[in-house]
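Structural features, examined
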Amino acid sequence: MADKKEFVCIRCPLGCGITVETSDGEIKSITGNTCPRGADYVTGELTDPRRTVTSLVRVRGGEMPVVSVKTAADIPKDKIFDCIRELKGIELSPPVHMGDVILEDVCGTGVNVVATADVR
Amino acid sequence: MKKDLVIIGGGPAGLAAAAAAREAGVEDLVVLERDQRLGGILNQCIHNGFGLHTFKEELTGPEYAGRYIEKAAALGISCRLNTMVVDLAAEGSVKKVTVMNREEGLYEIRARAVILAMGCRERPRGALNIPGYRPAGIYTAGTAQRYVNMEGRMPGREVVVLGSGDIGLIMARRMTLEGAKVKLVAELMPYSGGLKRNIVQCLDDFGIPLKLSHTVVDIKGKERVESVTVAQVDEDSKPIPGTEEEVACDTLLLSCGLIPENELSESLGTAMNPATGGPLVDESLETDREGVFACGNVLHVHDLVDYVSEEAASAGRNAAAYLQGRLAEKGREIPIRAENGVRYTVPASIDIGRMGETQTVRFRVSGMFRDAAVEVACGGQVLKHIDRRVLAPGEMEQIILKKSELEKTAQAGDPKEISVCVRT
Ligand SMILES: Cc1cc2nc3c(=O)[nH]c(=O)nc-3n(C[C@H](O)[C@H](O)[C@H](O)COP(=O)(O)OP(=O)(O)OC[C@H]3O[C@@H](n4cnc5c(N)ncnc54)[C@H](O)[C@@H]3O)c2cc1C
Ligand code: SF4
């Protein structure tokens, strides 16, 4: 069965509109993307949707009460809330450096959570 | 104190401008930042999506800012924190920068050139023309963003967002992740003012409804917000009776747009562009005051920080050229006319003699256009005709003009203007 799906690529803020034509679940054509990441994105959205998660982790006794963090790679979309819940349970002590691993293998995804700012 | 170059603002624009000026050979320069850290608004933008075009990787706001802070440090650029510029005036070609700092008090820097990079601020309660009480629980989205992301505090549990600008969309997701229930986002216009990716990633992903052509017509609650009433609006943005819906909530976030931070530009008396709220600049990003350049959100509100850095770097290079006597005297400026669907352009004029081999012209459109084209014409000749599937007011557009093309039309006759318009 032939099908046509519209996506907005979210890999970068340009947000290209991408059209995918499938036939019996198989991708036949991808149009509208400005760069290869767009094709990559829609293929992923169709088979295994993933997101980078950004959030905060508490820091006790630092110049700031929280430090911003992100998953070092995309994790499955349906794991977003589990990831946030795991992060809620963590409390760090300063100093925290940009790039420090805050949590390994979050929710069994194999992805680490890293700090995205410095807190002294 | 004397300086060759003073850069006002230590956000991504100020930092990129400083780095470019130093790389072009300006030794005697300083960045003045009123906050206690560099990086500007990016410090509170903990979400990712920054810098794909500059660094070919997706960074969060603090990480993107970090790259430029490191670069400035590596170049030995002096940045003064907790230092606010309170006045700016010109005396002949000397710019008098009045500065306030806790250690040194009030002092003056006499600068040969200045780069304005003060960023923007939120429109305060702009769209909120609602009679009645002003209970607690009403915040601008950016204020809420600072509470949540810098202080780790939540402004409320049940939220309605008015306005679908990017900060509102990003905060809808942020508060959802933090455990709040975001009931809906209401947008007065029939389209969103935010980036498409933010609608997908911040609303659709979490099933948060976006109600276009809707506004808040009433707020209930005396001490604290208890509910808001949302209604549909007609083409003149007037609420349509009978469409009201009361939504229980304890928090109303306002995301009603940003305006350039231009007190200093005004005290200097630069000519302003009413369409952007920022100064009018030529191809060199120079204002009508000699040696005063502008870049970033103070010039026009950007949605892509990559464009901010790029624009700022060219302001930095031009300021260096000016200081080194390499920037040609202002000659014949050809005004750029924004018409038929184009709201404004930056720059607002081009001097062919002063421009580089290519010139980037950035602009915004005034409405949604589908299967349209952007057309640039000069002296009766169409220079560019670029087909576009979608043009949206929320997304800044850019076109690149070639010096050779403009020179050719200038030789054929003396062009009065360059026009940029949307063709449907
Ligand atoms: C909430 C939000 C979300 C965004 N999301 C994205 C995104 O997802 N992706 C993306 O690419 N871009 C995004 N942007 C856009 C991008 O981050 C901004 O366009 C960019 O940060 C603007 O840089 P700037 O240097 O012009 O301004 P700012 O970052 O605002 O910096 C201006 C600096 O000047 C200082 N200043 C102001 N007045 C004075 C004075 N009188 N004296 C001394 N210092 C002064 C301020 O303290 C500030 O540090 C977002 C912007 C906002 C507001
Ligand atoms: S296709 Fe490429 S340019 Fe377009 S939004 Fe996706 S990543 Fe950005």
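What counts, and where the lines are drawn
- Residues numbered from 1 in each chain as written.
- Chains lettered and ligands numbered in written order.
- Predicted model: local features only at pLDDT ≥ 70, side-chain atom pairs only at ≥ 80, totals over all residues.
- Heavy atoms only, no water.
- Helix = DSSP H or I, 4+ residues; strand = E, 2+ residues; numbered from the N terminus.
- Rg over C-alpha atoms; globule rule 2.2 N^0.38 Å.
- Buried < 20%, exposed > 50% of the residue type's maximum accessible area, 1.4 Å probe, protein only.
- Contact = heavy atoms within 4.5 Å.
- Areas by Shrake-Rupley, 256 points an atom, 1.4 Å probe, with all protein chains shown as cover.
- Lys, Arg positive; Asp, Glu negative; His and termini not counted.
- Charge placed at Lys NZ, Arg CZ, Asp CG, Glu CD.
- Axes fitted to C-alpha atoms, helices over the stretch in contact; angles between N-to-C directions.
- Parallel < 35°, antiparallel > 145°, perpendicular 65-115°, else oblique.
- Left-handed = near helix turned anticlockwise from the far one by under 90°.
- Nonpolar A, V, L, I, M, F, W, Y, C, P; charged D, E, K, R; others polar.
- Buried area = accessible area lost by both parts, 1.4 Å probe.
- Salt bridge = Lys/Arg side-chain N within 4 Å of Asp/Glu carboxyl O.
- Phe/Tyr/Trp six-rings, centres within 6.5 Å; stacked < 30°, edge-to-face > 60°.
- Pairing = 2+ DSSP bridges.
- Domains from an automatic or database assignment.
- Near = heavy atom within 4 Å.
- Polar contact = N/O pair within 3.5 Å; in protein donor to acceptor, adjacent residues only side chain to side chain.
- pLDDT = per-residue confidence, 0-100.
- Patch = residues over 30% accessible without salt bridge, like charges linked within 9 Å, V, L, I, M, F, W, Y side chains within 5 Å.

Remarks on the overall build of chain A
- If you tally the helices and strands in chain A, you get 2 helices and 10 strands.
- Traced from its N-terminal end to its C-terminal end, chain A shows the element sequence β-β-β-α-β-β-β-β-α-β-β-β.
- A compact globule built from 120 residues would reach a C-alpha radius of gyration of about 14 Å, whereas chain A, at 18 Å, exceeds it by more than 25%.
- By principal-axis analysis of the C-alpha atoms, chain A measures approximately 60 × 25 × 15 Å.
- Put simply, chain A has 120 residues, and 42% of those count as buried.
- For chain A, contacts bridging at least 24 residues in sequence account for 44% of all contacts bridging at least 6.
- Of the roughly 6100 Å² of accessible surface on chain A, a fraction of 50% belongs to carbon and sulfur atoms.
- Computed over 15 positive and 18 negative side-chain charges, the inter-centroid distance for chain A is 4 Å.

Here's the deal with the overall build of chain B
- Counting its secondary structure elements, chain B contains 9 helices and 29 strands.
- Relative to the globule expectation of 22 Å for 424 residues, the C-alpha radius of gyration of chain B, 23 Å, shows essentially globular dimensions.
- Its C-alpha atoms give chain B principal-axis dimensions of roughly 65 × 60 × 40 Å.
- Contacts in chain B between residues far apart in sequence, at least 24 positions, make up 62% of those at least 6 positions apart.
- Total accessible area on chain B is roughly 17400 Å²; 49% of this is exposed by carbon and sulfur atoms.
- If you average the places of the 51 positive and of the 59 negative side-chain charges in chain B, the two averages end up 1 Å apart.

Considerations on the packing of helix α1 (residues 12-23) of chain B against helix α8 (residues 305-323) of chain B
All names here are of chain B.
- α8 packs onto α1 with a crossing angle of 40° between their chain directions and a minimal axis gap of 7 Å. The angle between the axes of α1 and α8 places the two elements in the oblique class. Considering only the axes of α1 and α8, their crossing is right-handed. Contacts from Pro 12, Ala 13, Ala 16, Ala 17, Ala 20 and Ala 21 of α1 reach α8 at Val 305, Val 308, Ser 309, Ala 312, Ala 313, Gly 316, Arg 317 and Ala 320.
- Split by residue class, the contact of α1 with α8 holds 11 nonpolar, 2 polar and 1 charged.

Description of the interface of chain A and chain B
- If you look at the interface, chain A gives 33 residues, while chain B gives 32 residues.
- Between chain A and chain B the total buried area reaches about 2900 Å² when both faces are included, carbon and sulfur atoms providing 57% of it.
- Seen at the junction of chain A and chain B, the total is 6 salt bridges.
- The salt bridge involving Arg37(A) is made with Glu58(B); its shortest N-O contact spans 3.5 Å.
- Every element with two or more residues in the side of chain A that touches chain B is listed here: β2 (17-23), α1 (36-47), β5 (54-59), β6 (66-71) and α2 (80-88) of chain A.
- Class assignment of the residues belonging to the side of chain A that touches chain B gives a composition of 16 nonpolar, 9 polar and 8 charged.

What to know about the packing of aromatic side chains
- Evaluated as defined, the whole model comprises 6 aromatic pairs over all chains.
- Taking 5.9 Å as the distance between ring centres and 90° as the angle between the ring planes, the aromatic pair formed by Phe81(A) and Phe206(B) counts as edge-to-face. Linking Phe81(A) in helix α2 with Phe206(B) in the loop between α6 (196-203) and β13 (210-212), this pair reaches from one chain into another.
- Since its relative accessible area comes to 36%, Phe81(A) is described here as partly exposed.
- An aromatic cluster is present here, built from Phe55(B), Tyr64(B) and Tyr68(B) joined pairwise through their rings.

Regarding the sheet that holds strand β14 (residues 214-220) of chain B
Residues and elements named next belong to chain B.
- The sheet built from 3 strands is open, its strands ordered β14-β15-β16 with antiparallel pairing. Of all strands in the sheet, those with a lone pairing partner are β14 and β16 (245-248), marking the two edges. Ignoring which end each strand starts from, the neighbouring axes of this sheet average 30° apart.

A closer look at the domain arrangement of chain A
- By the assigned domains, chain A splits into domain 1 (2-47) and domain 2 (54-115).
- Spacing between the C-alpha centres of domain 1 of chain A and domain 2 of chain A amounts to 30 Å.

What about the site of ligand 1?
Residue and element names in this part refer to chain B.
- Neighbouring ligand 1 are 32 residues, the closest being Ala 13, Glu 33, Asn 297, Asp 303 and Val 305.
- Contacts to ligand 1 include Glu 33, whose side-chain N or O atom sits 2.6 Å from an oxygen atom.
- Between ligand 1 and His 47 there is a distance of 3.0 Å, counted from an oxygen atom to a side-chain nitrogen or oxygen.
- For ligand 1, whose free accessible area comes to 1000 Å², the fraction covered by protein is 95%.
- Among the elements of the structure, α1, β3 (48-50), β6 (83-91) and α8 are those that each provide at least two residues to the shell around ligand 1.
- It is β6 that provides the largest number of residues to the shell around ligand 1, a total of 3 residues.
- Considered class by class, the residues forming the shell around ligand 1 number 17 nonpolar, 12 polar and 3 charged.

As for the packing of α1(B) against helix α3 (residues 61-74) of chain B
All names here are of chain B.
- As a packed pair, α1 and α3 sit with axes 9 Å apart at the nearest point and diverge in direction by 30°. Regarding the angle of α1 to α3, the classification is roughly parallel. The handedness of the crossing between α1 and α3 is left-handed. Here Leu 15, Ala 16, Ala 19 and Glu 23 of α1 come into contact with α3, specifically with Tyr 68, Ile 69, Lys 71 and Ala 72.

Points about the confidence of the model for chain B
- Chain-level pLDDT for chain B is 93 on average; 98% of the residues reach the 70-or-more range.
- Listed scores for the predicted complex are pTM 0.90 and ipTM 0.84.

Thoughts on the sheet that holds strand β10 (residues 113-115) of chain A
Residues and elements named next belong to chain A.
- Taken in spatial order, the 5 strands of this open sheet run β8-β5-β6-β10-β9, and their pairing is mixed. Since the sheet does not close on itself, it has two edges, and those belong to β8 (91-92) and β9 (101-103), each with one partner.
- With 2 bridges joining them, β5 and β8 adopt parallel strand pairing. By the bridge assignment, Arg 58 is partnered in β8 with Glu 91.
- Against the sheet, α2 makes contact with β5, β6, β9 and β10, and its axis sits at roughly 15° relative to β5, the strand it touches most.

Things to note about a nonpolar patch on the surface
- A contiguous nonpolar patch, built from Met84(B), Val86(B), Met100(B) and Leu106(B) and spanning about 360 Å² of accessible area, is present on the exposed surface.
- Examined against the element boundaries, Leu106(B) turns out to sit in strand β8 (residues 105-116).

Notes on the side chain of Asn48(B)
- As for its placement among the helices and strands, Asn48(B) is situated in strand β3.
- Within the structure, Asn48(B) has its side chain in polar contact with the side chain of Glu58(B) (distance 3.0 Å).
- Ignoring sequence-local partners within four residues, the contact set of Asn48(B) consists of Thr52(A), Thr54(A), Glu58(B), Leu59(B), Thr60(B) and Arg197(B).

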